[in-house]
Number of protein chains: 2
Amino acid sequence: MNFETILGKVDFLEFLRGKRATFLLSCSVTKTCEIPNISQAGIPGKLYLTPTLDAEFLCTKEVRSLPDIAQTPKGVPTPALITRAIHELKPYSNIEILNLGLDVIPQIDYFKIYNFDINSSESIDKNAKIPAMEIFQKGIEFGQNFETKDDYVIIAETIPAGTTTANATAKALGYKCEGYFSSSFKNSPNDIKNETINKALENLDTNDDIFEILSKVSDNMIIFNAGFILGSRVNDLKVILAGGTQMACVLLVVNSILQSMDGEIDSSNLALCTTKWINKDKDSNLKAILEQLDFPINAYASDFDFSLSNHPALKLYDEGEAKEGVGCGGALCYATINGLSKEVVTKKIESFLG
Amino acid sequence: MNFETILGKVDFLEFLRGKRATFLLSCSVTKTCEIPNISQAGIPGKLYLTPTLDAEFLCTKEVRSLPDIAQTPKGVPTPALITRAIHELKPYSNIEILNLGLDVIPQIDYFKIYNFDINSSESIDKNAKIPAMEIFQKGIEFGQNFETKDDYVIIAETIPAGTTTANATAKALGYKCEGYFSSSFKNSPNDIKNETINKALENLDTNDDIFEILSKVSDNMIIFNAGFILGSRVNDLKVILAGGTQMACVLLVVNSILQSMDGEIDSSNLALCTTKWINKDKDSNLKAILEQLDFPINAYASDFDFSLSNHPALKLYDEGEAKEGVGCGGALCYATINGLSKEVVTKKIESFLG
């Protein structure tokens, strides 16, 4: 098991080899997920539960707010399986949950759940009505004040329909997006996604400033984490953004905010880590998104796939379903720099499915 | 995979089982390496690059200051392969580089490279002209002030022709050396080495004090690390000297300095860890060197060899080439007390060679 360098040099991730990580899971609901067939990250009609269940499963290996673990209609198991498997094999020193607008609070004790008084956001096709400036500032403050005994932080996301809101956000901010954004589907439901994004963009006014734009077309996870990234620079916190095009969009928002205020960022202690399924995805282009940033960014992709597994549900990943989420790409990179082999990771994931 | 106790008891190394280690790599150049055929630790004519390349490879698995990784004329690959393989399987928490007189600075980001303003030293056959007292004091200060979050420190060396300067140093200080010192060659070029050592000793005056002696016939690595060992006693830092006869010579220098000032050392938190190739070497005698110390010392040797490998370049180790360097003996002992098997270590090393 190894990782590929998408942008930058190997040095940042190599430096983190053997070091201790705190895993932060940003959990959020956008009602965009209620648009039929827009996401397969969960049970149809109950996608709002997915972040809650992911948090429960990651922390406890139990799904408490629903009898069964979230599966897509095709039976693609949540990538939380991967992130959890690695936690069992080489535990993160600490897992903490960020409630960035959950409808249902995860039923877990002891684990810290940060409450930011953020509500789940409306669907972007009807104007998401997010108090964007307020959420951004909460992210800034959290980043400025965040303290850890660990050497670095892996920050991940679980937000169904998040690739749609990410795509809308990037497009609204004027970035080149055509064919760059990923989907949890193999055959991406582009009609539904594009229709949603176009409807979202129709709500924009020419005079909207960046926070008005984010308010209408984005999601809490993106806005909060853009703040977190900027805020955490005061302490030079080493941060791995664990995710694909959604985490890339967080960086685009950072970029746009910096542009709007003529600001700068020292991005040397930041990296994005994703999966092979995103890195090799023909329907998206993570690298092209990241190359639009005005600052340099280290980006890596795990080379893990399910070629050692015969499990049909897992094979769907290699066929292009699911691809990323719950920080599984970052978790896989973490596994690599902590000496885990593809064999043991594969076996552990399989053990969850029976 | 296991280790053998050369001197002392198993307890020190057993106590470190499962604990976290910082790996310090002392990198230095002595122009003694420019004497033809004196060392096979690198590319002839470019041996001054070996410590630079070893540091780069250990940290990043890339050789940046030269297109190919240092190989000896016979094709013996650098022991950095072993030390790196173990870092990939069970990472050291931290790697830091000590620049004790490099001609070329390693091209690595994030990893700490300590700069002590030390120049590479002259060849000992022409008087090495080392500011020995100054370098020793830099070592003392570094040892006194060194802080780590880890449980112990593995300190290693990479300095081509270092066994020759170690042998000269020990002989100049009056220790019994005949047949005790190792070489990176299987058929040790004793004529060249002895000629060099004898020339070096000719530069000594009867009235030379210990630092004048070291100034003429030693190397920066030995002098600095003697200071480091003494300085780090104020904090009772647990230190593994990872190496063979060169690290034994560091202890001889500590011993001689203590003798010269009627000093004492609590050596209970020190150990030397080396390879089987050194431990079983018929042309050297590590134990006999260490038995000349006035203080007790724990010394261990890994039992790792390449009996599970068919790779011709690696088999050369079992035939007596290379033997030790870049802390590979310490790394192998670390591998043992962290549960790695001979099989996985062998396979990982082989994976680097293709």
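Higher on the page you've got the structure.
Summarised in this report is the structure supplied together with it. Note that the structure is predicted; figures quoted are calculated from it, not measured.

Parameters and conventions
Residues numbered from 1 in each chain as written. Chains lettered and ligands numbered in written order. Predicted model: local features only at pLDDT ≥ 70, side-chain atom pairs only at ≥ 80, totals over all residues. Heavy atoms only, no water. Helix = DSSP H or I, 4+ residues; strand = E, 2+ residues; numbered from the N terminus. Rg over C-alpha atoms; globule rule 2.2 N^0.38 Å. Buried < 20%, exposed > 50% of the residue type's maximum accessible area, 1.4 Å probe, protein only. Phe/Tyr/Trp six-rings, centres within 6.5 Å; stacked < 30°, edge-to-face > 60°. Least-squares fit on C-alpha atoms with pLDDT ≥ 70 in both. Contact = heavy atoms within 4.5 Å.

Focus on the overall build of chain A
A count of helices and strands for chain A gives 14 helices and eight strands. Taken against the 2.2 N^0.38 rule, which gives 20 Å for 354 residues, the C-alpha radius of gyration of chain A at 18 Å falls within 12% of a compact globule. Once the C-alpha set of chain A is aligned to its principal axes, its extents read approximately 55 × 40 × 40 Å. Classification of the 354 residues of chain A by burial places 65% in the buried group.

Topic: the packing of aromatic side chains
Here the distance between the centres and the angle between the planes together describe a pair of aromatic rings. Here the structure, examined in full by the defined rule, presents 39 aromatic pairs over all chains. For the ring pair Phe136(A) and Phe211(A), a centre distance of 5.2 Å and an interplane angle of 55 degrees mean the geometry is tilted. Placement of the pair is Phe136(A) in helix 4 (residues 132-145) and Phe211(A) in helix 7 (residues 210-217), with a sequence separation of 75 residues. Seen in terms of ring centroids, Phe57(B) and Phe352(B) are 5.8 Å apart; in terms of plane orientation they differ by 90 degrees. Their pairing is edge-to-face. Placement of Phe57(B) in helix 2 (residues 50-60) and of Phe352(B) in helix 14 (residues 342-353) is noted, with a sequence separation of 295 residues between them. Judged by relative accessible area, which is 19%, Phe352(B) ranks as buried.

Brief notes about the relation of the copies chain A and chain B
Of the transformation superimposing chain A on chain B, the axial component is 1.5 Å and the angular component is 120 degrees, with the fit at an RMSD of 0.0 Å. Considering both components of the superposition, the chain copies are consistent with a three-fold axis. Comparing contact sets, just 14% of the residues at the interface of chain A also lie at the interface in chain B, consistent with a heterologous contact between different surfaces.

Some remarks on the side chain of Ser309(B)
Note that Ser309(B) resides in the loop between strand 8 (298-302) and helix 12 (312-318). In this structure, Ser309(B) is in contact with Leu314(B), Lys315(B), Thr346(B) and Glu350(B), ignoring residues within four places of it in sequence.

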